[in-house]
Structure formats: structure tokens, C-alpha cells
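# Coordinate inspection notes
So the chains spell out like this:
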Amino acid sequence: MVCDSTTVNLFKLLHVAVRARPGRPVILAEKDDFPTDRFLVAEVAEQAGCEVRWAAPDEWRGRTLDDVAVGVLSHVHYRTGLVHDMPAITRRLHDAGALALWDLSHSVGAVPVELDACGVDLAVGCTYKFLCGGPGAPAFAMVARQLQAAARTPVPGWLGHAAPFAFAPDYRPAPGVGWLVTGTPSITAHASLECALEIFDTVDLPAARRKAIALGEIFLTTVEHELPGMFTLHSPRDAEARGNHVSLGHPDGFAIVQALIARGVVGDFRAPDVLRFGFAPLYLSHADAFDAAMALVEVMRTDQWRDGRFAVRGVVT
Ligand SMILES: *Cc1c(COP(=O)(O)O)cnc(C)c1O
């Protein structure tokens, strides 16, 4: 269902998950995950009388998950680009009787995702990153069929009612995933997303992924070659293990990114020191990736980033 924001959808699905696993008091989440995910996990745990266990999948080894209602993870990490092993992690949760809730914000339209093949229970994600849905495009939520009928939403809005225009006295959820809708959607934002999805209907996703990997490799090998030792690498060096973005580390990352933006190379900065470059394969060329790397090389060699105007921080970084 396409509706609301990722944040709102995650709130809904976390409640659905803990209600679907009564008697299991733990939500399992990664303490380094995207802020929205961490904040909501903590809040929903409190609302539902659960506790949060902050542990990354490599810390689950040898530990029992028998008290876990749901494990929540970003498939591709927003800061590092690390791709989690969705099949293995989902299996591990299922073996313990827990549900798997994946945030696909940096995966959808970038990395092939097989939700049904992995038996994923719940998923959310945004459509304005690699899916190119446009600024403010709505998010999506996925609830596996076997959970749909018994699910109870914490946001029972009028438009998710089984008969919204009956204006009935009591809430009755719409069938399937219709109840995920809360209120009136932004029709203009949906229209813009629809344009992007029409293009994606024609895209061979594995081919797009191969191109994105090539773009990332051109960028990274050029930077490594021209500026050896200048940046740390926050992303996995193995392209298969990272999503479609490359994250470099530098203490002056903010000013460096601003200097690049002034030259038309739009990356972003994530505290404390991450320069993040997304390689959207549908509209970036191999030459663009090389030019972006050479722009970075010039910004560093000429110390352009030291210009005082690049140190001024706005709300968006
Ligand atoms: C971008 C992103 C979001 C965005 O949430 P919104 O509610 O759409 O602003 C959520 N989770 C992750 C992991 C993200 O990368």
C-alpha cells in the first residue's frame, strides 16, 4: 500500500507486529539505525509495554530470540550502505518465532529485493530516493498476506474503513491492506510517483544494479587513485556488499560536500564525518561518476572547501 510517510508506516507496522506476537516482550533493533527507526522502536515499545533489545545481527549469534516479537532492520544502512543478508536474517527470526520488519528506504529501486522469496512479514520504505518518486513522494508499507486479516492498526482513519463513505459510527478495517490508509493522501505526490513507477516498469533492475555498481566503482577507484589516504571508507569495499551509495569519511566532510554542491555535484553529509554519494543508475552516466570524482579531487587539491561560505550550516546537510 502506498500511503503516508515511512515514519508513519513504520509506526503502524511496529504496532501490528507486537500485537501479532502477544507474550513476546522484546523488539529487536539496531542501535545504529536511521533515527526515525530508532525513535519509533523506543516509543512503540513503551506504548505496547515491551522492551527494546539493541543488537545488530552479528550480535545475535549464540543468543536466544525466543522472547522477540519482531526484529526491525534497514536492509541497506543509510550511512554506510552496508547490505544486510535479508534471507539469512529473516530465517533466523522466523526460526525463533519472531517476525521480520524491513526498512527498504535505500533498497527499493536500487538493490533487488525478494520479499516473498525471503518470507518477509512486514516492510516499509520511501519512494523519493532511488525510486525517484519526487520530493515528498508517499511511502509504502507491505504486510504479508497471512498477517493482514488479524492485523490491527494503531491509526484507524476514516479512509481505511471498509466503507469510508458510509461514515459509519464504528471503525471496521478495509480488507487486505486497505486499512493501512489513514486519511486523505496527497494526490499530486501520488501522481508524481506514478510517473516514476511507469519508468521502473520498463527497467531491468539487475541491469540497473550492475550499472550503479559500475558508477560507484568508477567514483571510488578514481578517488582512491588520485587522493590516496585522504578519506576513510565507511562503505564496504566489496561493491556487492553495499547499496547504491558510497560513503567516505573526512573530519571536514560538511564543508567538502558544500563545495561540491556549489560545483553541481550534489552529495550529502551525515554526521559526524560522512560524505555520501548516491549513484542513481537511471539518470547518471559513467562520465558523471568520473566527473564527480574529479570535482572532489579538485576541491581537495585546491583547498576550495576551506572557503568560509562552505562552513555555514543550514538545516539540511
Ligand atoms: C530516508 C529514510 C527514512 C525516511 O523517513 P520519512 O518518514 O520518509 O522521512 C526512513 N528510514 C530510513 C532507513 C531512511 O533511509
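A brief structural summary.

Rules used in this analysis
The residue numbering used here restarts from 1 in each chain and proceeds along that chain's sequence as written. Confidence filtering applies because this is a predicted model: local features only for residues at pLDDT of at least 70, side-chain atom pairs given and counted only at 80 or more, and all residues used for totals across whole chains, interfaces and linings. The side-chain figures draw on all heavy atoms in the structure; neither hydrogens nor water molecules are used. Any carboxyl oxygen of Asp or Glu that lies within 4 Å of a side-chain nitrogen of Lys or Arg is treated as forming a salt bridge with it. The secondary structure listing takes helices from DSSP runs of H or I that are at least 4 residues long and strands from runs of E that are at least 2 residues long, numbered from the N terminus. For every residue, the accessible area obtained with a 1.4 Å probe (protein chains only) is divided by the maximum for its type, and the residue is called buried under 20%, exposed over 50%, and partly exposed between those limits. If DSSP finds at least two bridges between two strands, the strands pair. Looking down the strands as they point away from you, a crossover is right-handed if its path from the first strand over the helix to the second goes clockwise.

Summed over all chains, the structure comprises 12 salt bridges. R53 is paired through a salt bridge with D67; the nearest N and O atoms lie 2.7 Å apart. Of this pair, R53 sits in strand β2 (residues 51-54) while D67 sits in the loop between β2 and β3 (68-74), and the two are 14 residues apart along the sequence. On the accessibility criterion, R53 (17% relative accessible area) is buried. As a salt-bridge pair, R263 and E298 come within 3.4 Å of each other at their nearest N and O atoms. You can see R263 sitting in the loop between α8 (253-262) and β9 (268-270) and its partner E298 sitting in helix α9 (residues 286-301), a full 35 residues away along the chain. Accessibility expressed as a relative area gives 36% for R263, which makes it partly exposed. Judged by relative accessible area, E298 falls into the partly exposed class, the value being 39%.

A word on the pairing of β2. Bridge count between strand β1 (residues 26-29) and β2: four bridges; the pairing is parallel. When the sheet's bridge partners are listed, A29 is paired in β2 with W54. On the question of chirality, the crossover connecting β1 to the parallel β2 by way of helix α2 (residues 35-48) is right-handed.

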